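# Remarks on the overall topology
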Amino acid sequence: HAAVVTEGATGESLFIISAGVVEVVMEGVTVAVLNEGAYFGEVALLQPVRRTATVRTVTPCELFEMSRADFARVCAAHPELRDELQRRLDLRKVPTARSFTRRARSFILKKGTVRNPLLRMGTGLELETPHSPSFGD
């Protein structure tokens with residue numbers, strides 16, 4: 001398993017998987033497995049922060065790399081690309097049921113109902129809350 005990027009290292013590029021399988025590891029725990037068509041490293045293109053995860057090959061891989069400078073040139077011509085990538089990154093920060101403790105999940109399931117859930121995933125990638133205009137439609 002070769003490391004493509006290492007958690008805590010300075011990031012300067014995004015990687016797109018053309019072939020193969022990689023695993024995403026955060027603090028020693030595998031949190032995702034990605035394959036053909038997926039991408040990783042986008043945080044490095046949007047924010048000057050250190051890598052948030054280690055990504056290791058699981059099988060032989062073919063990866064395409066896009067540097068921050070290349071990304072800036074593409075976004076100059078297509079600014080909507082930066083917005084979409086930021087939107088997808090923001091969605092990853094939305095807590096999922098797995099991110100809550102067992103006790104918290106139990107509380108949420110007991111307190112939220114089908115007609116009055118605490119949170120509901122809408123169609124597509126948007127998150128709806130009781131304060132969203134289309135919530136409950």
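Our structure's up above, just so we're on the same page.
Description of the structure in this document.

Thresholds applied
Residues numbered from 1 in each chain as written. Predicted model: local features only at pLDDT ≥ 70, side-chain atom pairs only at ≥ 80, totals over all residues. Heavy atoms only, no water. Core = buried A, V, L, I, M, F, W, Y, C linked by side-chain atoms within 4.5 Å. Buried < 20%, exposed > 50% of the residue type's maximum accessible area, 1.4 Å probe, protein only. Helix = DSSP H or I, 4+ residues; strand = E, 2+ residues; numbered from the N terminus. Pairing = 2+ DSSP bridges. Salt bridge = Lys/Arg side-chain N within 4 Å of Asp/Glu carboxyl O.

## Topic: the nonpolar core
- Residues Val5, Phe15, Ile17, Val22, Val24, Leu34, Ala38, Phe40, Ala53 and Val55 constitute the largest nonpolar core, which totals 10 residues.
- Contributing elements (two or more residues each) for this core: strand 2 (13-19) and strand 3 (21-26).
- In terms of nonpolar packing, the next biggest core, distinct from the first, is built from eight residues, Leu14, Val43, Cys75 and Leu85 among them.

## Considering the sheet that holds strand 2
- On the basis of which strands lie adjacent, the open sheet formed by three strands has the order 5-2-7 and antiparallel pairing. The open sheet terminates on both sides in strands that have one partner only, identified here as strand 5 (39-40) and strand 7 (62-67).
- The pairing of strand 2 with strand 5 spans two bridges and is classified as antiparallel. The residue of strand 5 that forms the bridge with Ile16 is Tyr39.

## Some words on the pattern of salt bridges
- Here the structure, examined in full by the defined rule, presents four salt bridges.
- Of the charged contacts in the structure, one is a salt bridge between Glu12 and Arg68, with a shortest N-O distance of 3.4 Å. One end of the pair, Glu12, is in the loop between strand 1 (3-5) and strand 2; the other, Arg68, is in helix 2 (residues 68-77), with 56 residues separating them in the sequence.
- Arg56 is paired through a salt bridge with Glu23; the nearest N and O atoms lie 2.9 Å apart. With Arg56 in strand 6 (residues 54-57) and Glu23 in strand 3, this pair connects stretches of sequence that are 33 residues apart.
- You can call Glu23 buried: its relative accessible area is 12%.

Taken by themselves, the reported measurements are silent on function.
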